[in-house]
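Structural description and commentary
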Amino acid sequence: MPFRTRTAAPRWALATLCAIVLAACSDGKDNLDAVPVPGAMYDASVRWTEYGIPHVTADDYGSLGYGFGYAYALENFCTVMREYVYAAGESARYWGDAGDLNSDFVMKLYNSDERVQKMLDEDLEDYTVQSLTGYVAGINRYLRETGVDNLAEGEEGCRGEPWVRELTLQDAVRLIHRTVLVASGQPLAGYIVAATPPDGLVRNERLPQAAAEQMFAGLSREAFRAGVGVPEPEQLGSNAYAIGEQAAQGNAGLLFGNPHFPWQGQQRFFMFHLTLPGEYDVMGAALGGLPAPVIGFTRNVAWSHTVSTGSRFNFYELTLNPDNPLEYLFDGEWREITSQTVTAQRLADGGAVEDVQHTFYFSHYGAIVDLGGINALLAGWPIGATGTLLTYSDANLENLRGLDQWVKMGQSMDLEEFTDNLRPLGIPWVNTIAADRFGNAFYGDVSVKPHITSAQFENCVRGLLQTTVTDFGFVTMDGSDPDCALGADAGTVPGILGYDSLPKLATREYGANANDSYWLANPRHLLEGFSPIIGGERIEQSLRTRATFDQAERRLAGSDGLGAAGFNIDNLRQLSYRATNYTAQITLDAILEVCRAIPEDPLAGISLEQEACNILGGWDRTHRVDSVGGHIFYELWRELRGAQNLWATPFDPADPVNTPRDLNTGDASVAQAVLDALTAAVNRLATAGIALDAPWGEVQFDERNGERIPIHGGSGSMMFSTITSDLVDGEGYSAIRHGNSYIQAITWDESDCPDAYAILTYSQSTDPASPHFADATKLYSGGGWIDMPFCEADQQAQELRRMRLFE
C-alpha cells in the first residue's frame, strides 16, 4: 500500500545550535569561553548526557566526525584499535598464534591499498570521506592526549601495547569493509586460503559416482553450516516491530528495535547523537568504526535492523581442463585460473617478526575455495569426489555504499523518502524495519544479495555437489554456463538484486522480523514469490519468531494483560522486560504432566527430578531476575528440542504463528525424551553447582569491577528477550556472549520532539575506570530506560558536561 505522507506543510526544522555560546581554550577542551584558532580544520561541540551519551554538533561533516571520533575513543579506544589491527591484516604480526594468519592473508587481499583507494573513489560521497577523515582525526587526538601508557586496562584494554598507533583514513575504510564482509569474506577466510593447486599436473583420483553419492549422503546440514561459519541468528540476531496507525492506540507510528549482538568487541553498539544544523539530526547507535548511527531515530522517522536470511555470496562449481588443472571451462572455452600473492607478517618464536607469503587463486567469479576443513570429502584440487573445483562470488566485496545510505535514511522526512533512500542497495546483511510520525510502518529485506533469479535457482543447480551444497543453504551453480552468471537490475549495481526484486511490506498495521525470512512479516500479509537466495517461504518458523508475532497478536487483541488493545509507548517497552519464555508457555503443561507422574520412592525420598518438577510447576515462565525455575527449563529444552516426532500438531503454512504445537507426549518415546531431558538438566546443574531453586538473577549475571549485576532474558532458541550466556561451573550463566544490546522504543506525539526511550544493556564503555562501564547495565537490570534527550531542553536537563573540540 502507498504510504500516507505528511500534509503540505513546511519541512520540520532541524535542531539548531543551542543559544549558549560554546568556545574553547587553545587546546580545544573544557574552557567554553575561548574561540577556535584561525583556520581550524575541525570545530565541534560535544555535550554528554546521562549514561555517557555524546551529542555532537558541528557545521560540517568533517567536524561532526571529529567530535564523534573523540567521544567514541574516550570510552572504547582499545576495543576498536584491536579491530583495526585485524582489518589491516596484522594480527599474527603482533599476537603470533593468538592472531589469525588466515584472516590476515584475506585482509591483505581484500583490504589492499588498491582496493581501499578504489572504494574511496567509487563508493563514497565527498561528505562521507570528510566524516571518516574527521572521525580518524578525533580518535588520534584522544590517543595523543592520553598516551599509550595511560590507555584502558581490563579485558579489552591496550595500555602500553606495541600495536597501538595513530590511524589513517585507509584504516577506517578497512575496518568498515571488514564489517561489511562479516557474512561472507570473513567466515570463508580459511577456505579461501586453503585452496592450493597441485604441483605440476598431478591430479587427485576421482571417486566413482556411486561412492561419491554414498559419501555425500552422509554429510550433515548442521555440521556443514557450522563449518562454513556464516553467523546464524543465534550468533547475530535481532527482533524489531514497526507499528502503524491501525495497530497503535494513537495516530503516530511506533518502532521497537532490539539487536542481539556481541557484548564484547567491535560489534558492540555505542549510543550517540549527531547534529549538522539544517541538514542532519539523528540519534541512535552504531558499531565500532562506523561514523554515523545505523539504527536510530529523528524528528519524523525511526528504524532498526535485523539480520536477514539472505545469502551474501554463492558458489560456482568449475569443470577443470583434464590436461591443465589451472584452467576451467566457461562458455565452451578454457579459461585460465589467475593468481595473486600477498605478504603478511608473523611473530615467530623468540619474538622475531618474519614475512609470510600466500598465493590466492581466482576464477572470473572470485576466489577459489577448498571446503575440506568442513569435510574431507570436499578437499583437494580437484575435489576428489567430483573432479571439480568450487569458487565463490561475494556480493558485498568492495561495498561501502551503506555509509551514504545510512546518512540519507537519517535525512528522510517520512517513510516515503526513507524507502526511496533504500534503493541504492548498500546495506550489507540486515533487514530494515521502520515507522514514522504519520502512522506508516515498513518491513523490507532490502540488503545486498547476489542476483540469482528463481529461474536460475531451478535450472543452474546441477549435479551432486551443487545440489548438496545448495540444499545446505549455500546456492551453488554451474560455473561453465554463462546463463548461470549473476544478472543485473536497472538502476542497481550489477550482480545484485535490485530494490524492486526484494520483499517489502508497507503497511498501516504492523510488520516485524526476528531473523526468519521475509515470508512472515505480518500473519495477514505473507510475502511470496521471491528468489530463494533471499530466504525460504512456507517453512516452519523459529520459536523466537513465533514469540514475536504471538505477543504482537495478543497486544492487538488486548489479551496480554497490558490493558486496552493496541500499542503505545508504554506497553511496547514492557514486552521485552516481561522476559516471557514463549516455549515454556506452549510446552510446560505437557512436560509437568509427564514429570508429575514419576513414581514416588518412599525409601529414597524425593528425587532431583521430582524437586525440579515441583519448581517448574511454580515457575512464572519468565526469565526475570526474580523468577525461579528458568534455568531448569533451559537445560531441559536444550536436551529435548531435538527429539523426533516432538509435536502432535504439525506445521501448517496457513498458520505459521501457532504451528507446530502440542508437545506429543502421547507418544511414549517423546514422554521418555522429556524424562531423559529432565534428568540431564538436573545433572548438568548439579555438576555446575547451581541450586535448582536459585532465582534467575543469581544464576545469570554480568560481573563488572567485582559486582555481580543480575541480567534478565534467556536463550533466543526459546523466547523474545534474548541473552546468550554459557554456563560456568560454580558460578552460573555468567559468560554472556551476545544478546539484547541497543534497545530503542520510539513514537511521536503533537510536540516537535520524538518520544524516545532506549537502553544499552552492556553500557557505553569497555574501560573499567569509566563511570559508564556499568551504569546502563545496572539500569537494564532494574528494568529501566533512558529517556533519550533528543531536543535541546531535554539535553540541558540531563547534561553531565560539555566540551569544545577543534584543531
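Presented here is an overview of the structure given in this document.

Quick look at the overall build of the protein now. Counting its regular elements, the protein contains 22 helices and 30 strands. In terms of overall dimensions, the protein has C-alpha extents of about 80 × 75 × 65 Å along its principal axes. Sorting the 807 residues of the protein into buried and exposed places 60% on the buried side. Taking all contacts inside the protein whose residues are at least 6 apart in sequence as the whole, residues at least 24 apart take part in 69%.

Overall, the coordinates contain 40 salt bridges when judged by the stated rule. Where Glu166 meets Arg144, a salt bridge forms, and the shortest distance between an N and an O atom there is 3.6 Å. On the criterion of sequence distance, the pair formed by Glu166 in the loop between helix H5 (126–146) and helix H6 (169–180) and Arg144 in helix H5 is long-range, its members being 22 residues apart. According to the relative accessible area criterion, Arg144 is partly exposed, its value standing at 48%.

A few words on the nonpolar core. Residues Phe77, Tyr241, Phe269, Phe315, Leu640, Tyr742 and Met788 are the most contacted members of the largest nonpolar core, which totals 255 residues. The biggest single contributor to this core is helix H1 (residues 61–87), with 16 residues. Apart from residues no more than four positions distant in its own chain, Met788 is found in contact with Ile53, Met271, Met283, Phe297, Tyr742, Ala756, Tyr757 and Ala758.

What follows is about unusual backbone geometry. The linkage connecting Trp381 with the following residue, Pro382, adopts the cis geometry, with an omega of 0 degrees. Among the structural elements, Pro382 can be located in the loop between strand E14 (368–369) and strand E15 (388–394). The peptide bond linking Thr659 to Pro660 adopts the cis configuration, its omega dihedral lying at 0 degrees. One non-glycine residue, Asp662, adopts positive backbone phi at about 65 degrees. Following the sequence through the fold, Asp662 ends up in strand E22 (residues 661–663). A positive phi angle, near 75 degrees, is found at Ser763, a position not held by glycine. As for its position among the elements, Ser763 is in the loop between strand E28 (754–760) and helix H21 (775–781).

With that settled, the discussion passes to the packing of helix H17 (residues 608–618) against helix H19 (residues 668–688). Between H17 and H19, the shortest axis-to-axis distance is 9 Å and the interhelical angle comes to 95 degrees. Overall, the two elements H17 and H19 adopt an arrangement that is roughly perpendicular. Two secondary-structure elements touch here, H17 through Leu608, Glu609, Ala612 and Leu616 and H19 through Leu678, Thr679 and Val682. Residues that form the contact of H17 with H19 fall into these classes: five nonpolar, one polar and one charged.

Our focus in this paragraph is helix H13 (residues 463–471). Along H13, the residues that are buried comprise Leu465, Gln466, Thr468, Val469 and Thr470. Backbone geometry just downstream of H13 places Gly473 in the positive-phi region, at approximately 105 degrees.

This brings us to the state of the cysteines. On inspection of all chains with the given rule, the structure shows four disulfides. Shown here is the disulfide that connects Cys460 with Cys484, its sulfur atoms set 2.2 Å apart. Every disulfide takes its handedness from the sign of the S-S torsion; for Cys460 and Cys484 that torsion is -90 degrees, giving left-handed. In this pair, Cys460 sits in the loop between helix H12 (454–459) and H13 while Cys484 sits in the loop between strand E18 (476–478) and strand E19 (504–507), placing the two residues 24 residues apart along the sequence. Side by side, Cys460 and Cys484 carry an identical accessibility label, which is buried. The disulfide bridge from Cys753 ends at Cys791, spanning 2.1 Å between sulfur atoms. Looking along the S-S bond of the Cys753-Cys791 disulfide, the torsion reads about -120 degrees, which is the left-handed sense. You can see Cys753 sitting in the loop between strand E27 (742–748) and E28 and its partner Cys791 sitting in the loop between strand E29 (786–787) and helix H22 (792–798), a full 38 residues away along the chain.

What follows concerns the pairing of strand E9 (residues 313–321). Burial analysis of E9 places eight of its nine residues in the buried class, the great majority of the element. Across seven bridges, E9 lies against E15 in antiparallel orientation. The residue bridging Leu318 from the neighbouring strand is Leu389, located in E15. Two strands pair when backbone bridges link them, and E9 and E18 are joined in this way by three bridges, in the parallel orientation. In the strand pairing of E18, Tyr316 is matched with Met477. As paired strands, E9 and strand E10 (residues 324–330) are joined by two bridges and run antiparallel to one another. Bridge pairing in E10 places Asn321 opposite Asn324. Hairpin geometry of E9 and E10 is characterised by an intervening segment of two residues between the two adjacent antiparallel strands.

Along the chain, the position of Thr179 falls in helix H6. A polar side-chain atom of Thr179 sits 3.0 Å from a polar atom in the side chain of Gln266.

In this model, helix H14 (residues 543–557) (15 residues) spans 21 Å end to end at C-alpha, consistent with the 21 Å of a helix rising 1.5 Å per residue. Burial within H14 is extensive, with eleven of its 15 residues counted as buried. Where H14 is concerned, the buried positions are Leu543, Arg544, Thr545, Arg546, Ala547, Thr548, Phe549, Asp550, Gln551, Ala552 and Arg555. The positive-phi residue at the C-terminal boundary of H14 is Gly558, with phi of around 70 degrees.

Quick look at the packing of aromatic side chains now. Counted by the stated rule, this structure contains 37 aromatic pairs. Relative to Tyr780, the ring of Tyr577 has its centre 5.8 Å away and its plane inclined at 45 degrees; by these criteria the two rings are tilted. With Tyr577 in helix H15 (residues 569–578) and Tyr780 in helix H21, this residue pair connects regions lying 203 residues apart in the sequence. Tyr780 matches Tyr577 in its accessibility class, with the two residues each being buried. Put simply, the rings of Phe68, Tyr72, Tyr135, Phe270 and Phe272 touch in pairs and so form one group of aromatic residues. Taking the ring centre of Tyr94 as reference, the NZ or CZ of Arg93 above it sits at 4.5 Å. Taking the ring centre of Tyr499 as reference, the NZ or CZ of Lys504 above it sits at 4.5 Å.

Along the chain, Asn571 falls in helix H15. Among the residues examined, Asn571 registers a relative accessible area of 2% and is labelled buried. Of note is the side chain of Asn571, whose polar atom sits 3.2 Å from the backbone oxygen of Gly566. The contacts of Asn571, once residues within four sequence positions are left out, are Gln249, Arg555, Leu562 and Gly566.

Cut-offs used in this document
- Residues numbered from 1 in each chain as written.
- Predicted model: local features only at pLDDT ≥ 70, side-chain atom pairs only at ≥ 80, totals over all residues.
- Heavy atoms only, no water.
- Helix = DSSP H or I, 4+ residues; strand = E, 2+ residues; numbered from the N terminus.
- Buried < 20%, exposed > 50% of the residue type's maximum accessible area, 1.4 Å probe, protein only.
- Contact = heavy atoms within 4.5 Å.
- Salt bridge = Lys/Arg side-chain N within 4 Å of Asp/Glu carboxyl O.
- Core = buried A, V, L, I, M, F, W, Y, C linked by side-chain atoms within 4.5 Å.
- Axes fitted to C-alpha atoms, helices over the stretch in contact; angles between N-to-C directions.
- Parallel < 35°, antiparallel > 145°, perpendicular 65-115°, else oblique.
- Nonpolar A, V, L, I, M, F, W, Y, C, P; charged D, E, K, R; others polar.
- Disulfide = S-S within 2.5 Å.
- Pairing = 2+ DSSP bridges.
- Polar contact = N/O pair within 3.5 Å; in protein donor to acceptor, adjacent residues only side chain to side chain.
- Expected span 1.5 Å × (residues − 1).
- Phe/Tyr/Trp six-rings, centres within 6.5 Å; stacked < 30°, edge-to-face > 60°.
- Lys NZ or Arg CZ within 6 Å of the ring centre and 35° of its normal.

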